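One letter stands for each residue in the lines below.
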Amino acid sequence: MPELTARVVRAAFPKGTLVVRIREALGPLFEDEAFAEAFPARGRPAISPGVLALVSVLQYAEGLTDRQAADQMRARMDWKFLLGLELDDPGLDHSVLSTFRARLIGHGLEQKTLELVLERLRGLGLLKAGGRQRTDATHRFPG
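The present account deals with the structure reproduced in this document. (Residues numbered from 1 in each chain as written. Predicted model: local features only at pLDDT ≥ 70, side-chain atom pairs only at ≥ 80, totals over all residues. Heavy atoms only, no water.)

**Remarks on helix α4 (residues 66-75)**
Okay, step 1: Regarding α4, the residues found buried are D66, A69, A70 and M73. All buried residues of α4 project into a common sector of 100 degrees when viewed along the axis, lining one side. In α4, the exposed positions angled more than 90 degrees off the buried face are occupied by R67 and A75. (Buried < 20%, exposed > 50% of the residue type's maximum accessible area, 1.4 Å probe, protein only. Helix = DSSP H or I, 4+ residues; strand = E, 2+ residues; numbered from the N terminus. Arc of directions from axis to C-beta.)

Written as structure tokens, this is what we have:
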């Protein structure tokens, strides 16, 4: 985490935002190595696969298009905090997100992001197996 990013975001959002609280509670979620098989052995991807995975999660959570997610990555300090980026990071072209998803699907890694999040939550004791599933819905019968 760049020190300036952390200092500015904490000053701007003393109570945090959901995105800031996620980073503070979970730390970095995705390591690049988790997605290594989707990229060539020689060289490095231009943008961290771990960052792309996290942007994809944020994109889904906020219901954003690729273009909107790329814009948020450039514009929002709390996203930069979560992603561990410098405040002046230029972000990425929106087309990189669809290319990343295609790589994940092409290598059978579609569930990898979910599994990594669940594993992290279990490791922190925030998610436990078993128990009863609750719902706020009541049964309705015709008639």
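**So, the pattern of salt bridges**
When charged atoms on two side chains of opposite charge get close, those side chains can pair.
Okay, step 1: Under the criterion given, the structure shown has six salt bridges.
Okay, step 2: Across the pair E62 and R76 runs a salt bridge whose closest N-O atoms are separated by 2.9 Å. Of the two residues, E62 is situated in helix α3 (residues 49-62) and R76 in the loop between α4 and α5 (77-83); the sequence distance between them amounts to 14 residues.
Okay, step 3: With a relative accessible area of 35%, E62 lands in the partly exposed category.
Okay, step 4: Between R74 and D71 there is a salt bridge, and its shortest N-O distance comes to 2.6 Å. Remark: D71 and R74 occur in helix α4; sequence separation between them is three residues, near one turn of the helix.
Okay, step 5: Given a relative accessible area of 37%, R74 falls into the partly exposed group.
Okay, step 6: A cluster of three or more residues bridged by salt bridges with shared partners is formed by E62, R76 and D78. (Salt bridge = Lys/Arg side-chain N within 4 Å of Asp/Glu carboxyl O.)

Purely geometric stuff here, so don't read any function into it on its own.
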